[in-house]
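For reference, the chains in residue letters:
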Amino acid sequence: MSLSTTLRLSILLSVGIALVSCHGNMVYPPVFQDFQNIGLNLGRAYKRHGGFIGCGRNDPSNGVDVSCVLQWYSNFTRVPAGQAMTLPENMRAFNIRQVDRRPGLNPWYAPGTAHVFTPCGAAGGNPEGCPRGHPGKNNCPGGGHSMGPSAEQYYSKRTVPVTSWARGSVQNVAFTLSANHGGGYQYRICKVPISGRGGVTEECFQKTPLEFHGSNHRIAYNADESSWKSIPARDTNVGTKPAGSTWRRNPIPACNGGAGGFFSDNSCPSGTQFPAPLPGLHGFSFTQSDVHFDKVFKFAVVDQVKVPENIEPGEYVLSWRWDNEQTPQIWNTCSAIKVTESEGGDGEGDSSGGDGEACAFKRENNIAYYNGDLLDGRKNLVDSADICEKQCSSRADCIGFSYVPNTSRVIPRWVHNPEMGEFSRSCWLIFSKLLA
């Protein structure tokens, strides 16, 4: 099954409340799933859309067909019973209150109070089964699939991009929308415990929410900051959790109506939920008619956050939490952060949102390096990701694999062997040292 078909089925299976129960994710700093270190260089992502980061590698053991970053979240979650709406009216992104009419308020109506299964997202969104408590792995009515692992656990033993931030610095962060459910978001940071990256918790993240710097977002179609467009931001610290912490409204209006434009084509012929900040910045992103994903949002929303001056240097995890308004969902994505003493700047350090030639991956004289080691790859034509994974696990020097299903002209950017062609059904085996 092709990547396009697989993702399309995932989205259509999500139509359980006359809406798409779908996706949003952080793209910068480069996230756990970003094995190609794409970051804000969205032109390198499938369909130039940040939600497809990670889709080039299949990881059958995580319970999803493809490891796209848009697959990790908490499904069917609401504010605690008895919790009243605390959201100021001017922070709403949907002009129809509580589109989903089932009992309980959706997360954005009391920002930060709704339960998450995991602070970095659960594969398929339903880790406790569907219906909850059912032990089997299956697709879930209303969205996602069941019994997937948490991202912090799944990626705790895997190599992920690491970004350096200096204490007291101001840093760029960014997310993209695959399905516009309104609502709002917050960035938080948690120090990695002795048990490792897999031990971070929602309670830890809520201890250190990051303050936004400035009163604007920037819209990025690529990593060239000179091309980014500024739009106003809208924040609140009223009725939020942690108490007094700042949350920011999603600045992109969906189309008018309860479906937000899913059944149209992002043109919003009946208008938008609130005025669009710039021409073209409106709609739902994925829509029912967009079979080939040609009209998905090609941009990211960039903010700046302040790194606290009083945190100790060391290894941290950054979590983006998007509390949905249209649907009972919370979308989380995480990045590995190294907090340093020295003064850095926007994105300076081990990771880059530019050409992706940083973090663990570096290139000199057209040769790829990973943490200082030469990298190499070998390609085979195989029929499934399972076979590809077995080929890698059978070799002690294989540090990872990438399976490209039925998609031409795709090649891992850090494989330098010029004689290797580019084919569908390609299994790329990645090695830590240059092969003879």
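All values derive from a computational prediction rather than experimental measurement.

Undergrad: Honestly, the overall build of the chain in this entry has me stumped. Any pointers?
TA: Helices and strands together make up the secondary structure of the chain, namely four helices and 21 strands. When the 436 residues of the chain are sorted by exposure, 57% land in the buried category. Taking the contacts inside the chain whose residues are at least 6 apart along the sequence as the reference set, 72% of them involve residues at least 24 apart. Accessible surface computed for the chain: about 16600 Å², of which carbon and sulfur atoms make up 51%.

Undergrad: Just checking my understanding: could you explain unusual backbone geometry for this structure?
TA: In terms of backbone geometry, most residues other than glycine have negative phi values and most peptide bonds are trans. Geometrically, the link from Y28 to P29 is a cis peptide bond, its omega value of 0° lying close to zero. Relative to the assigned elements, P29 resides in the loop between β1 (24–28) and β2 (72–75). Note the cis peptide between C130 and P131, where omega equals -5°. Tracing the chain through its elements places P131 in the loop between β4 (125–126) and β5 (145–146). Phi is positive for N37, which is not a glycine, with a value near 55°. Examined against the element boundaries, N37 turns out to sit in the loop between β1 and β2. In this structure N37 comes out as buried when scored by relative accessible area, which is 0%. The phi angle at M147 is positive, at roughly 65°, despite the residue not being glycine. Among the secondary structure elements, M147 is positioned in the loop between β5 and α2 (151–154).

Thresholds, definitions, all that
Residues numbered from 1 in each chain as written. Predicted model: local features only at pLDDT ≥ 70, side-chain atom pairs only at ≥ 80, totals over all residues. Heavy atoms only, no water. Helix = DSSP H or I, 4+ residues; strand = E, 2+ residues; numbered from the N terminus. Buried < 20%, exposed > 50% of the residue type's maximum accessible area, 1.4 Å probe, protein only. Contact = heavy atoms within 4.5 Å. Areas by Shrake-Rupley, 256 points an atom, 1.4 Å probe, with all protein chains shown as cover.

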